[in-house]
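Chains, contacts and geometry: an overview
Below are the chains, spelled out letter by letter.
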Amino acid sequence: MHPTPLQILSHIPGFVWAILVVILYFGIKQTSTTAMRAKRLIVLPALWLVFGAWGVEKSFGLDGLAGLAWLLGIVAGVLTLRALRWPGKVRYDADSRRFIVPGSWVPMMLMLGIFVLKFASGMNLALHPDYAHNATYAMAFSAAFGLFSGAFLGRATNILSHRPQACDTVAA
């Protein structure tokens, strides 16, 4: 007998909903043009890499094919975003030493994608614990976690590439 949707929802920990609210808050902030320092650009990809690693480790372990699939997903995400050159129209303001990044709904969609993926994986594993030992299932979810995390890393490297090289030598 399968649990009803209401039974499933009643067993979801409160922190999951808190994470969703945080994602929505930061996702909405990303829809407006923002001025960011280089250090701030690294925070979001770092958080998603940690969240992705935690999700893969908790569900499947990072030491086998799932870990390899996660790493390959990261590489694919970075390379895809680098090839797309997203986000476009980024400017570097040398006076404030900030990147001016145009607003977009894409970061929110990526963050929600990671959240939904983690949620779906957690729900599936709660209902079918044997899936954790299914190599195809583990590799598919792990690669997807890596792909989303890699997309944020690729975005950050694209933005950072707008800083003129002369600024690096002047600041040193």
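Residues numbered from 1 in each chain as written. Predicted model: local features only at pLDDT ≥ 70, side-chain atom pairs only at ≥ 80, totals over all residues. Heavy atoms only, no water.

**What to know about the nonpolar core**
For clarity, the cut-off: As used here, the term nonpolar core means buried Ala, Val, Leu, Ile, Met, Phe, Trp, Tyr and Cys residues forming a set that is joined through side-chain atoms within 4.5 Å. Here the term buried applies to any residue with accessible area under 20% of the maximum for its type, exposed to any over 50%, and partly exposed to those in between, with areas from a 1.4 Å probe on protein chains only. Numbering of helices and strands runs from the N terminus; a helix is a DSSP stretch of H or I covering at least four residues, while a strand is a stretch of E covering at least two. Any two residues whose heavy atoms approach within 4.5 Å at even a single point are treated as in contact.
Counting 15 residues, the largest nonpolar core has I23, L44, W48, M111, I114, F115 and F152 as its most contacted members. Among the elements of the structure, α2 (14-29), α3 (38-59), α5 (106-127) and α6 (135-160) are those that each provide at least two residues to this core. Sort the elements by how many residues they give to this core and α5 lands first, with 4 residues. Residues within four places of F152 in sequence aside, it is in contact with L44, P45, W48, P107, L110, M111 and I114.

**Brief notes about the side chain of Q30**
The residue Q30 is located in the loop between α2 and β1 (34-36) in this model. Look past the residues within four positions of Q30 in its chain and what remains in contact with it is L44, G103, S104, P107, M111 and R155.

**Regarding the environment of G113**
Looking at the element boundaries, G113 is found in helix α5. Residue classification places G113 among the buried residues on the basis of a relative accessible area of 18%. Considering only alpha carbons, one finds G113 and A38, 75 residues apart in sequence, at a separation of 25 Å.

**Observations regarding the pairing of strand β3 (residues 98-101)**
On any regular strand, side chains alternate: one points to one face of the sheet, the next to the other face. This is how the line gets drawn: Here, a strand pair is defined by DSSP locating no fewer than two bridges between the strands.
Judged from the 3 bridges that link them, β1 and β3 form a sheet pairing that is antiparallel. Opposite T34, over in β3, you have V101 as the bridge partner. Taken together, the 3 bridges between strand β2 (residues 91-93) and β3 define a ladder with antiparallel strand orientation. If you follow R91 over to β3, its bridge partner there is I100. In textbook terms, the turn of a hairpin is the stretch between consecutive antiparallel strands, and for β2 and β3 this stretch comprises 4 residues, one of which, R97, has a positive phi near 55°.

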